[in-house]
Amino acid sequence: MLYQTALTLPPGRFSLKVVVRENTEGRMGTFETPVIVPELKQASPKVSSVVLGTQLQRVAAKKTPSPLVKDGVELVPNLTHIVRHDQMLYFYYEVYDPASEGGAAQVRTNLAFYRGRVKVFETPVVERPHPDAADRHAAVFQFEVPASSFKPGLYTCQVNIIDAVAGKFAFPRLQIYVR
């Protein structure tokens with residue numbers, strides 16, 4: 001079952017809980033996850049949430065623009081962060097208002113995967129000299145990583161972000177379980 005909706009939240013920590021009821025037999029299920037909306041006026045670098053998905057789907061043009069839709073293809077978020085060994089992992093995030101010098105920014109980023117304290121995989125570093133999404137003043141980053149790069153188990157994905165012009169950095173993390 002796929003259900004999508006949108007809402008605007010102020011900066012802060014929230015808990016999202018979804019309850020689903022199947023009408024035929026009355027079975028129920030729940031899912032709960034933390035949601036953190038960063039205070040972008042103070043944070044530097046200003047980073048969106050890191051979205052993990054395992055599937056892409058074609059979509060018709062939507063009235064409400066979504067940063068997860070590009071060229072008619074939408075990244076479907078994987079909320080549980082549990083993935084199969086044969087899936088592709090898609091990561092999406094944005095860095096807002098990067099500092100610039102002489103009209104050029106220097107935002108560098110990559111992903112590093114840890115099993116416990118041991119780094120087991122790292123993507124190449126990607127750099128953006130200019131924002132990709134002018135309407136949001138954002139440098140957009142997308143990574144594809146095959147889950148087959150990992151043995152089954154729990155991993156921590158660390159997103160390394162460096163705004164070289166501002167001399168600032170951020171290291172958001174998320175956990176992934178590969179089965």
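Please read all numbers here as calculations on a predicted model, not as lab measurements.

What about the overall build of the chain?
- Regarding its fold elements, the chain presents zero helices and 17 strands.
- Relative to a compact globule of 179 residues, whose C-alpha radius of gyration would be 16 Å, the chain shows 18 Å and is just as compact.
- Principal-axis analysis of the C-alpha atoms gives the chain an extent of 65 × 40 × 30 Å.
- In the chain, which comprises 179 residues, the share counted as buried stands at 32%.
- Restricting to contacts in the chain with at least 6 residues of sequence separation, those with at least 24 account for 60%.

Points about the nonpolar core
- By size, the foremost hydrophobic cluster in this structure holds 25 residues, and its most contacted members are Leu89, Phe91, Tyr93, Leu111, Phe113, Cys157 and Ile176.
- When sequence neighbours within four positions are dropped, the list of residues in contact with Phe91 reads Val50, Val51, Leu52, Leu111, Phe113, Phe141, Gln142, Phe143, Val145, Cys157, Leu174 and Ile176.
- Membership of the second largest hydrophobic core comes to nine residues, among which are Leu68, Leu75, Tyr90 and Ala138.

So, the pattern of salt bridges
- Overall, the coordinates contain eight salt bridges when judged by the stated rule.
- Its salt-bridge partner being Lys46, residue Asp97 comes within 3.6 Å of it at the nearest N-O pair. In this pair, Asp97 sits in the loop between strand E8 (88-96) and strand E9 (100-101) while Lys46 sits in strand E3 (residues 46-47), placing the two residues 51 residues apart along the sequence.

With respect to the side chain of Asn110
- Inspection of the secondary structure assignment puts Asn110 in strand E11 (residues 107-115).
- Look at Asn110 and you get buried, because its relative accessible area is 5%.
- Looking at Asn110, its side chain comes within polar contact range of the side chain of Glu122, at 2.9 Å.
- For Asn110, the residues in contact, after removing those within four places along its chain, are Tyr93, Glu122, Thr123, Pro124, Val125, Phe143, Gln158, Val159 and Asn160.

Some remarks on the packing of aromatic side chains
- Summed over the entire model, instances satisfying the criterion amount to eight aromatic pairs.
- On the numbers, 5.8 Å between centres and 65° between planes, the contact of Phe91 with Phe113 is edge-to-face. Here Phe91, found in strand E8, pairs with Phe113, found in strand E11; they are 22 residues apart in sequence, far enough to count as distant.
- The class of Phe113 is buried, set by a relative accessible area of 0%.
- Look at Phe169 and Phe171: their rings are 5.4 Å apart centre to centre, the planes differ by 45°, and that puts the pair in the tilted class.
- Above the ring of Tyr114, the side-chain terminus of Arg173 is found at 5.8 Å from the ring centroid.

Basis of the calculations
Residues numbered from 1 in each chain as written. Predicted model: local features only at pLDDT ≥ 70, side-chain atom pairs only at ≥ 80, totals over all residues. Heavy atoms only, no water. Helix = DSSP H or I, 4+ residues; strand = E, 2+ residues; numbered from the N terminus. Rg over C-alpha atoms; globule rule 2.2 N^0.38 Å. Buried < 20%, exposed > 50% of the residue type's maximum accessible area, 1.4 Å probe, protein only. Contact = heavy atoms within 4.5 Å. Core = buried A, V, L, I, M, F, W, Y, C linked by side-chain atoms within 4.5 Å. Salt bridge = Lys/Arg side-chain N within 4 Å of Asp/Glu carboxyl O. Polar contact = N/O pair within 3.5 Å; in protein donor to acceptor, adjacent residues only side chain to side chain. Phe/Tyr/Trp six-rings, centres within 6.5 Å; stacked < 30°, edge-to-face > 60°. Lys NZ or Arg CZ within 6 Å of the ring centre and 35° of its normal.

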